[in-house]
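Close look at the chain arrangement
These are the residues of each chain, in order.
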Amino acid sequence: MASAPATASSPLARLWRGRIFGVTWLLYAGFYLCRKNYAVAQPVIMKEFGWDEAGVGIIVTAYLTVYAIGQFLNGILGDRFSARRIIAAGLALSVLANVLFGWTASIGVMAFLWGLNGFGQSSGWPGIVKTLSAWFGVRERGRVMAWWSTCYQIGEVVSSALAAWLISPGVVAAFNGALQATGRAWQYAFWVPALALAGIGAVFFWGQRNSPEDAGISGPASPRPAAKPARRRGDSVRSEPGIVLEVLGDRYIWTLGSVYFCVKFVRYAFMFWLSTYLVTVLGFRPDKAGYMNIVLPLAGFLGAVAGGYASDYLFGSRRAPVSAVMLVGLAGAIFFYSRVAGDAWMGPLGLALIGFMTFGPDTLVSATSAMDFGSRRGAATAAGFINGCGSVGAAIQGVLVGYLAHRAGWQAVFSLLIVLSLVAAAIQATMWNARGKN
């Protein structure tokens, strides 16, 4: 006779929760190795081929457009099929695209390959949010996701530092000498991260399980007084199309998607264009500009943790008040940085403030609130939809920021980012008293 599953509070359950937290954290941090590397290498690519901001903006937009489409599709697939397998397939596609990217020399081919990379990368977020929603309950998600979301701040730090190191003159010369290669510079920033991500993917595939039930453990307790009956074979109420319609019928999901459109526009504008701004306007060396990118996610680490704890302990698991206040702070931080960017001390401080105020709302909207309002059954669909809306904003910024910077200057770009931050704050404030489902 089969033994009863371990309870959610048993030592085995705690061990599994720690394992799931660890492997999903490592995986999503690893995804950034093959995502942020392009932004760091972009100034070198522009110089080598003589391309301007408007030209390389096509590559950025190709990635983000396909990434947005992938978010919507993979969100639905994550609730329908095994998140573990979908993520593994996407990871393999990302690794392949990065390897091939280093052999290309045209904007069109680069845009195609980076678009494939975007689709592969889009498998990660919905599947991981789906997994975590099954392992952690609503009353703990604010602080759990505050710490878990440090993966994409640390991932951005490590990926920026690694890519900057790989394009530095001494390292390029050493690689070229060891491999007896000539003319190679930025390519190593794509090949080395691809190899690292492949190894991380193997660890994830070994360690992840889609739900506590898959590991022989009962799921996290629901805050509701009574649990709903389990789905039976053939039960149409719990069908996948029903879950999609239920999630997309929630007005809060659309509100969160609108907020994240603005938030991700701003965040990705700094992610993809900060190095270019520092090199072309302030005269930084490309590798030094890459290292400066680290300031944003390092400060974002603190912002995400502070935002998560504040939402749980100060606002009773309400995420909107914290997010709205921090978005107003983000507008102020961007204005401050636009005035002091060239100062040796005030410039990094401005970037730190932007990072702190960006990553708090980013985590609360795209992860914690997606779990809260999508529920355990529809978490992947909710996460995919919200992040997909954000990725539409991010895709638009790829072309728009490049065009504005080229035609109107970077102060026009900063003004646009300030306006979007305030719009996001106003929309988020409409959910001030809203709480999640389970």
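So, how was this worked out
- Residues numbered from 1 in each chain as written.
- Predicted model: local features only at pLDDT ≥ 70, side-chain atom pairs only at ≥ 80, totals over all residues.
- Heavy atoms only, no water.
- Axes fitted to C-alpha atoms, helices over the stretch in contact; angles between N-to-C directions.
- Helix = DSSP H or I, 4+ residues; strand = E, 2+ residues; numbered from the N terminus.
- Parallel < 35°, antiparallel > 145°, perpendicular 65-115°, else oblique.
- Contact = heavy atoms within 4.5 Å.
- Nonpolar A, V, L, I, M, F, W, Y, C, P; charged D, E, K, R; others polar.
- Core = buried A, V, L, I, M, F, W, Y, C linked by side-chain atoms within 4.5 Å.
- Buried < 20%, exposed > 50% of the residue type's maximum accessible area, 1.4 Å probe, protein only.
- Expected span 1.5 Å × (residues − 1).
- Left-handed = near helix turned anticlockwise from the far one by under 90°.
- Phe/Tyr/Trp six-rings, centres within 6.5 Å; stacked < 30°, edge-to-face > 60°.
- Lys NZ or Arg CZ within 6 Å of the ring centre and 35° of its normal.
- Polar contact = N/O pair within 3.5 Å; in protein donor to acceptor, adjacent residues only side chain to side chain.

A closer look at the packing of helix H7 (residues 138-148) against helix H14 (residues 295-313)
H14 packs onto H7 with a crossing angle of 170° between their chain directions and a minimal axis gap of 7 Å. Classified by the interaxial angle, the pair formed by H7 and H14 is roughly antiparallel. Contacts from Arg 139, Glu 140, Arg 141, Gly 142, Arg 143, Ala 146 and Trp 147 of H7 reach H14 at Phe 301, Ala 304, Val 305, Gly 308, Tyr 309, Ser 311, Asp 312 and Tyr 313. Partitioning the contact of H7 with H14 into residue classes produces 7 nonpolar, 3 polar and 5 charged.

Some points on the nonpolar core
Counting residues in hydrophobic clusters, the biggest one holds 120 residues, and the most contacted among them are Tyr 28, Tyr 38 and Phe 272. Counting residues per element, this core draws most heavily on helix H16 (residues 346-407), at 19 residues. Contact partners of Phe 272, with chain neighbours within four places excluded, come to Tyr 38, Ala 39, Gln 42, Val 60, Tyr 63, Leu 64 and Gln 397.

Here's the deal with helix H10 (residues 188-207)
The first and last C-alpha atoms of H10 sit 29 Å apart over 20 residues, in line with the 28 Å expected at 1.5 Å per residue. Within the sequence span of H10, burial applies to Tyr 188, Ala 189, Phe 190, Trp 191, Pro 193, Ala 194, Leu 197, Ile 200, Gly 201, Phe 204 and Gly 207. Residues of H10 that are buried make contact with helix H1 (11-31), helix H2 (36-49), helix H4 (83-101), helix H5 (107-121), helix H8 (150-166) and helix H9 (169-179).

Topic: the packing of helix H3 (residues 53-80) against helix H6 (residues 124-135)
Look at H3 against H6: their axes get within 8 Å of each other, and the N-to-C directions meet at 30°. The angle between H3 and H6 falls in the class roughly parallel. Taken as a pair, H3 and H6 cross one another with a handedness that is right-handed. The residues of H6 that touch H3, namely those facing Gln 71, Asn 74, Gly 75, Gly 78 and Asp 79, are Trp 125, Pro 126 and Lys 130. A class-by-class count of the residues in the contact of H3 with H6 yields 2 nonpolar, 4 polar and 2 charged.

Describing the packing of aromatic side chains
The full count for this structure, using the stated rule, is 36 aromatic pairs. When the centroid spacing of 6.0 Å and the interplanar angle of 35° are considered together, the rings of Tyr 63 and Trp 114 count as tilted. With Tyr 63 in helix H3 and Trp 114 in helix H5, this pair connects stretches of sequence that are 51 residues apart. Accessibility assignment for this pair places Tyr 63 and Trp 114 in one class, buried. Between Trp 147 and Phe 301, the aromatic rings sit 6.0 Å apart at their centres with planes inclined by 75°, giving edge-to-face as the arrangement. Linking Trp 147 in helix H7 with Phe 301 in helix H14, this pair joins segments that are 154 residues apart in sequence. Accessibility expressed as a relative area gives 38% for Trp 147, which makes it partly exposed. For Phe 301, a relative accessible area of 23% puts it in the partly exposed group. By way of ring pairs, the aromatic residues Tyr 38, Phe 49, Trp 51, Tyr 63, Tyr 67, Phe 101, Trp 114, Trp 186, Phe 190, Tyr 268 and Phe 272 are connected into one cluster. Above the plane of the ring of Trp 206 lies Arg 19, whose end atom (NZ or CZ) is 4.4 Å from the centre.

Digging into the side chain of Ser 338
Along the chain, Ser 338 falls in helix H15 (residues 320-340). Polar contacts involving the side chain of Ser 338 include one to the main-chain carbonyl oxygen of Phe 335, which spans 2.7 Å. At 3.1 Å, the side chain of Ser 338 and the side chain of Arg 339 are in polar contact.

Concerning the environment of Leu 400
With respect to the helices, strands and loops of the structure, Leu 400 is situated in helix H16. Residue Leu 400 is classed as partly exposed on the basis of its relative accessible area of 30%. Distance in space between the C-alpha atoms of Leu 400 and Ala 269 is 9.6 Å, their sequence separation being 131 residues. The contact partners of Leu 400, leaving out residues within four places of it in the chain, are Phe 265 and Leu 416.

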